[in-house]
Amino acid sequence: MAVISPTILAHGTGYLLLEWGAMANTDTGAPVSFPDYEYKSFHCTGTPGTTGVATIQASNDFGGTLEYFTAHDPASNDLVLSDDEGRQMIETSYHVRPSIGSGDGTTSLTVTMLAMTSARR
């Protein structure tokens, strides 16, 4: 189980695009903290292997060991993405990360997050 750091792909006034690349089964993304960006959407691409998925996790813990919960989409479904799927996250949380599971040795998923704010800067 590796912890994958995100890469910032683009940023500008009111938005940030980043990705956690080439995540294997049981990998997690390093958490990011962008509480000012209340709108977040996620896109998952790559090779899922048998049934690999990316679960988007969130936490409002501060300091110490972070406890995560599964984030939700606007229909209140768990935010669990398979290959070539994207959805919005409804919770506004301090920490966000993807976690890869249910895959096999061929699983290799990339998760991209677009974070936006409605505030004018």
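See the structure shown above.
Residues numbered from 1 in each chain as written. Predicted model: local features only at pLDDT ≥ 70, side-chain atom pairs only at ≥ 80, totals over all residues. Heavy atoms only, no water.

### Some details on the overall build of the protein chain
Under the convention used in this document: Helix and strand definitions follow DSSP, with helices as H or I runs of at least four residues and strands as E runs of at least two, each counted in order from the N terminus. The reference for a compact globule is 2.2 Å times residues^0.38; the radius of gyration itself is calculated from the C-alpha atoms. For each residue, the accessible area found with a 1.4 Å probe, counting protein chains only, is set against the maximum for its type, and the residue is called buried under 20%, exposed over 50%, and partly exposed in between. Here the accessible surface of atoms and residues is derived via Shrake-Rupley with a 1.4 Å probe, and residues count as covered only by protein chains that are part of the display.
Scanning the protein chain from terminus to terminus reveals 0 helices and 11 strands. From first element to last, N terminus to C terminus, the protein chain shows the α and β order β-β-β-β-β-β-β-β-β-β-β. Compactness check: the protein chain gives a C-alpha radius of gyration of 14 Å against a globular reference of 14 Å for 121 residues, within 12% of the reference. Looking at the protein chain as a whole, 38% of its 121 residues are labelled buried. Within the structure as shown, the protein chain displays about 6100 Å² of accessible surface, and the carbon and sulfur contribution to it stands at 51%.

### Quick word on the pattern of salt bridges
As a reminder of what qualifies: For this document, the term salt bridge refers to a Lys or Arg side-chain nitrogen within 4 Å of an Asp or Glu carboxyl oxygen.
For the structure on display, the rule yields 2 salt bridges. Between arginine 87 and aspartate 73 there is a salt bridge, with its nearest N and O atoms 2.6 Å apart. Highlighted residues: arginine 87 in strand β9 (residues 85–89) and aspartate 73 in the loop between β7 (69–70) and β8 (80–81), separated in sequence by 14 residues. A relative accessible area of 5% means that aspartate 73 is categorised as buried. The closest approach of N and O atoms between glutamate 85 and arginine 87, which form a salt bridge, is 3.6 Å.

### What to know about the pairing of strand β10 (residues 95–101)
In plain terms, the rule: Any two strands are treated as partners once DSSP identifies two or more bridges connecting them.
Most of β10 is tucked away: 6 of the 7 residues are buried. Bridge count between strand β6 (residues 53–59) and β10: 7 bridges; the pairing is antiparallel. Bridging from a neighbouring strand, isoleucine 56 pairs with proline 98 of β10.

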